[in-house]
Amino acid sequence: MKLVIANWKMNKTLPEVRAFVETFSREIESVKNVTVGIAAPFPFLAAARDPQERWWVVGQDCSAEKSGAFTGEVSADMLASERCRAVLIGHSERRRHFGEGEEILAKKLTRAAEALLQPVLCVGETLAEREAGKTEAVLRRQLSIFSGAGAVAYEPVWAIGTGRNATPEEAEETMAFIARELSGKLDAPPILYGGSVTPDNAAGLVRCRSFAGFLVGGASLDPHTFSAICRSAG
Ligand code: 13P
């Protein structure tokens, strides 16, 4: 079973979520062999849920703290009580815009595990790091906190929202490195690819040996486009 997660980021209003769900409820019927997740903004987790539970709802982030006086934060326990099945941890936008590093992300992984949410640890190098030959060192550091459960999403920062996806060869080379890094720790976690995935480039990426699914940003906002990607992965 492959895993394909839509990451809507800070997009959509409630009527738009409802319209997506209505259309996607029909589209999902033609998706086979794929667990589908929708990482909706926090206020819309309930609206993004499928009454028939044919797809998961997923948190885009969770607090490093369990509960208490942390205004604006959303805890892993809250996500679990909204019937989320998984949570993204360490998306590059959290790292870049909110200064999240390994120390805080390790705490988030612990909170997710305590709440029985599957953490999806997002890792990936920037263009400057890749060009400086630091990709493996960066990934090694980012993966050092991965505890075992859940999944890893390889999202090269230079491919996110840029329209420049990694080629299947680039993706495979790096995902194989990630698989080797994790092999001592646990039973091969699924490794997802993210970064400018579209229905047009999905088929090539699916053929990568290490491919276990996608994390899709922009192309997940439209139910037809997203379901086409889900069908390619299956
Ligand atoms: P895009 O698919 O828009 O490049 O975003 C990828 C991403 O960040 C998914 O988490």
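Structure's up top.
A brief structural summary. (Residues numbered from 1 in each chain as written. Predicted model: local features only at pLDDT ≥ 70, side-chain atom pairs only at ≥ 80, totals over all residues. Heavy atoms only, no water.)

1. Some words on the packing of helix α7 (residues 135-143) against helix α8 (residues 168-183)
Across the interface, α7 lies against α8 with an axial gap of 11 Å and an inter-helix angle of 45°. Taken together, the axis directions place α7 and α8 in an arrangement best described as oblique. Crossing of α7 over α8 shows right-handed handedness. Residue-level contacts link T135, E136, L139, R140 and L143 of α7 to T174, F177, I178, E181 and L182 of α8. Split by residue class, the contact of α7 with α8 holds five nonpolar, two polar and three charged. (Axes fitted to C-alpha atoms, helices over the stretch in contact; angles between N-to-C directions. Helix = DSSP H or I, 4+ residues; strand = E, 2+ residues; numbered from the N terminus. Parallel < 35°, antiparallel > 145°, perpendicular 65-115°, else oblique. Left-handed = near helix turned anticlockwise from the far one by under 90°. Contact = heavy atoms within 4.5 Å. Nonpolar A, V, L, I, M, F, W, Y, C, P; charged D, E, K, R; others polar.)

2. Re the sheet that holds strand β2 (residues 34-39)
Read around the barrel, eight strands follow the order β1-β2-β3-β4-β5-β6-β7-β8 and close on themselves; strand pairing throughout is parallel. Across the sheet, the mean angle separating the axes of adjacent strands is 25° when strand polarity is ignored. Looking at chain direction, strand β4 (residues 84-89) and strand β5 (residues 118-123) are connected through four bridges and run parallel. Its bridge partner lying in β5, A86 is registered against Q118. Lying over the sheet, helix α5 (residues 102-114) contacts β4 and β5, oriented at roughly 175° with respect to β4. (Pairing = 2+ DSSP bridges.)

3. A few points about the site of the ligand
Every residue close to the ligand is listed here: N7, K9, H91, E155, A159, I160, G161, G195, S196, L215, G217 and G218. Separating an oxygen atom of the ligand from a backbone N or O atom of G161 is a distance of 2.6 Å. Contact with the protein chains removes 95% of the 310 Å² of surface that the ligand exposes when unbound. Partitioned by chemical class, the residues of the shell around the ligand number three nonpolar, seven polar and two charged. (Near = heavy atom within 4 Å. Polar contact = N/O pair within 3.5 Å; in protein donor to acceptor, adjacent residues only side chain to side chain. Areas by Shrake-Rupley, 256 points an atom, 1.4 Å probe, with all protein chains shown as cover.)

4. Describing the layout of surface pockets
What the largest pocket holds in volume is close to 430 Å³. As for the largest pocket, its lining consists of 19 residues, of which M10, Q60, D61, R94 and F98 are closest to the centre. Element by element, the count of residues in the lining of the largest pocket is highest for helix α4 (residues 92-98), at four residues. Grouping the amino acids of the lining of the largest pocket by side-chain chemistry returns eight nonpolar, six polar and five charged. (1 Å grid on protein atoms, 1.4 Å probe; cavity = no way out; pocket = protein on both sides within 12 Å on 5 of 7 lines; lining within 4 Å. Points joined across faces, edges and corners; volume = space filled by probe spheres on them.)

5. Regarding the pairing of strand β7 (residues 191-194)
With burial as the criterion, each face of β7 is covered, one bearing I191 and Y193 and the other bearing L192 and G194. When strand β6 (residues 151-154) meets β7, the two strands line up parallel, connected through three bridges. Each residue of the ladder has a partner; that of V152, found in β7, is I191. Bridge count between β7 and strand β8 (residues 213-216): three bridges; the pairing is parallel. Looking across to β8, one finds that L192 is bridged to G213. Read as a crossover between parallel neighbours, the route from β7 over helix α9 (residues 199-206) to β8 is right-handed. (Buried < 20%, exposed > 50% of the residue type's maximum accessible area, 1.4 Å probe, protein only. Right-handed = clockwise from strand over helix to strand, strands pointing away.)

6. Points about the packing of helix α1 (residues 14-27) against helix α10 (residues 223-233)
Contact geometry of α1 with α10 gives a least axis separation of 9 Å together with a crossing angle of 30°. α10 is crossed by α1, and the crossing has right-handed handedness. Two secondary-structure elements touch here, α1 through F20, T23, F24 and E27 and α10 through P223, H224, F226, S227 and R231. Classifying every residue of the contact of α1 with α10 gives four nonpolar, three polar and two charged.

7. Brief notes about the pairing of β4
Judged by how many residues are buried, β4 sits mostly within the fold: five of six residues are covered. Across three bridges, strand β3 (residues 56-59) lies against β4 in parallel orientation. Opposite G59, over in β4, you have V87 as the bridge partner. Traced from β3 through helix α3 (residues 76-81) to β4, the parallel crossover comes out right-handed.

8. Description of the environment of G59
Here G59 lies in strand β3. Taking C-alpha positions, G59 is 11 Å from P43, a pair spaced 16 residues apart along the chain. If we skip the residues at most four places from it in the chain, G59 touches A39, L79, C84, A86, V87 and L88.

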